[in-house]
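# Commentary on secondary and tertiary structure
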Amino acid sequence: MPPQRSQSGCLADFFSYETTKSVVVKSWVVGVVNRVVQLLILSYFIGWVFLHEKAYQVRDTVIESSVVTKVKGIGKYGNRVLDTADYVTPPQGTSVFVVVTKQILTENQEQGVCPESEATYRCASNRDCQGKGRTTGSGVLTGRCIPYNVTLRTCEIRGWCPPEVDTVDVPVMLEAENFTLFIKNSVRFPLFGFEKANLPPHVSAGELQRCRFHPEQQPLCPILRLGDVARFAGQDFAALAATGGVLGIKIGWVCDLDRAWELCLPRYSFTRLDSVTQHSPGSPGYNFRHARYYRGHNGTELRTLTKAFGIRFDVLVYGNAGKFGIVPTLINTVAAFTSIGVGTVLCDIILLNFLKGAEHYKARKFEEVPEASVPPASSSPSGCTPGALGDQSREKQSTDSGTFSLGL
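Residues numbered from 1 in each chain as written. Predicted model: local features only at pLDDT ≥ 70, side-chain atom pairs only at ≥ 80, totals over all residues. Heavy atoms only, no water.

### With respect to the pairing of strand E8 (residues 153-161)
This is how it is decided: Here the term buried applies to any residue with accessible area under 20% of the maximum for its type, exposed to any over 50%, and partly exposed to those in between, with areas from a 1.4 Å probe on protein chains only. The helix and strand labels rest on DSSP assignments: H or I over at least four residues marks a helix, E over at least two residues marks a strand, and numbering proceeds from the N terminus. Strands pair, by our definition, only if DSSP identifies at least two bridges between them.
Of all the nine residues making up E8, seven are buried; the element is thus mostly covered by neighbouring parts of the structure. In this structure, strand E6 (residues 96-115) lies alongside E8, joined through six bridges in antiparallel fashion. Of the residues in E8, the one forming a bridge with Gly112 is Gly159. Across six bridges, the pairing between strand E7 (residues 139-147) and E8 is antiparallel. Note that in E8 the partner of Cys145 across the bridge is Cys155. Taking the residues that link successive antiparallel strands as the turn, the E7-E8 hairpin has five residues.

### Regarding the environment of Tyr318
With respect to the secondary-structure elements, Tyr318 resides in strand E15 (residues 301-324). With 256 residues separating them in the primary sequence, Tyr318 and Val62 have C-alpha atoms 9.1 Å apart.

### Notes on the side chain of Asn198
Where we set the bar: Pairing of N or O atoms within 3.5 Å defines a polar contact, subject to two protein rules: one partner must be a possible hydrogen donor and the other a possible acceptor, and residues neighboring in sequence count only if both atoms are side-chain atoms.
Tracing the chain through its elements places Asn198 in the loop between strand E10 (194-197) and helix H5 (205-210). At a separation of 2.8 Å, a polar atom in the side chain of Asn198 contacts the main-chain amide nitrogen of Asn185. At a separation of 3.0 Å, a polar atom in the side chain of Asn198 contacts the side chain of Tyr268.

### Looking at the pattern of salt bridges
Short version of the rule: Only one rule defines a salt bridge in this text: a Lys or Arg side-chain nitrogen within 4 Å of an Asp or Glu carboxyl oxygen.
What the rule picks out here adds up to eleven salt bridges. When the shortest N-O distance is used, the salt bridge between Arg225 and Glu177 registers 3.8 Å. Here Glu177 lies in the loop between E8 and strand E9 (180-189) and Arg225 lies in strand E11 (residues 223-225), a separation of 48 residues in the sequence. When its relative accessible area of 24% is taken as the criterion, Arg225 is described as partly exposed. A salt bridge links Arg225 to Asp228; the nearest nitrogen and oxygen atoms lie 2.9 Å apart. Classification of Asp228 as buried rests on a relative accessible area of 13%.

### Things to note about the packing of helix H2 (residues 28-52) against helix H9 (residues 341-353)
The test is simple: Only the stretch in contact is used when a helix axis is fitted, and all axes are lines through C-alpha atoms; the angle between N-to-C directions ranges over 0 to 180 degrees. In what follows, roughly perpendicular refers to angles from 65 to 115 degrees, roughly parallel to angles under 35, roughly antiparallel to angles over 145, and oblique to any angle outside these ranges. In a left-handed crossing the near helix is turned counterclockwise from the far helix by less than a right angle, and in a right-handed crossing that turn is clockwise. Any two residues whose heavy atoms approach within 4.5 Å at even a single point are treated as in contact.
Two elements in contact, H2 and H9, have axes separated by 9 Å at closest approach and are oriented at 155°. As the angle between them shows, H2 and H9 are arranged roughly antiparallel. The two elements H2 and H9 cross, and the hand of that crossing is right-handed. Residue-level contacts link Val30, Val33, Asn34, Val37 and Ile41 of H2 to Val342, Gly343, Thr344, Leu346, Cys347, Ile350 and Leu351 of H9.

Function-wise, these values are silent; they only describe arrangement.
As structure tokens, this is what we get:
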């Protein structure tokens, strides 16, 4: 029977030390795999990490930005001529604004009682109005059923009268397609104290007014035609103006500050932000309501309610800047050289498990050496026989790495 391992012998085995042993293997297969893996790892770090991702740079992702917008153009809507003050809201020139292209007006509304215009509140008697909810889309129900016209009766409401009828067909201001949008954007990267604006340098005011943005011919012009914005976003302007929608104008600032100041340039891109809901049967497009209040001849408060359909523009600014830094350079350089060791691990797996003569390679690679002060003996008093150089070999499991070695 094999001798039993004592506690002292197992403790000594636990505190053993493993050191690397270099074995040169003359094998074309393993050698080619090793060099190919090393070449792939170096190519990845040089090509992708350092050149493409610029991992040697310190990056500032906190971008400080301001956006000022201005729309210009004259349009016709019905019998009226509209300018910027009529169709742009809000008027402050912010990064989010709406160009109104269609309006449903309900004029001369005043507080009082009147029949509800919605079809769901049609009635034949007061009982039909008392079983419904307390409020409607236009006011508060009084519980009475009154005539709406000579053939129709609806529930009476208290609120702004007459109520809105938003099912009427109204024209669309298609002249808005040729309106222009001027965007003035300035950015700052606080980590580097770098500031830049989207206005082209060395361009006079006259040249700036005549330019129109084009992604290839004039990519730096800050004046955009609204029809072009819709087209660049893949939308039909006439359909968008009829139902309303939300377009995004994205300005990207991705700057390499190791290069010249003039080479940090904005890039414009366009998309429709509400594309998920544009085909929704319940609420397609974009619209909102607003009112203008005034006094009548007898001092009564009146208002004009407007249900406006339009194109909302969201100017979105994003970006980051990078500059050479010694710390990320050292970190990624060390990571590159450390990763080359992956080739050694792969080659060891092939060498010790799949090649012919794997047991011979194991015997050469792993070797167990007793402590120098311990005299050689045929057996250990502790019961844990140390491996000794000789003709006999046994399989030994490493307590640290978990690998199996074959001692000589």
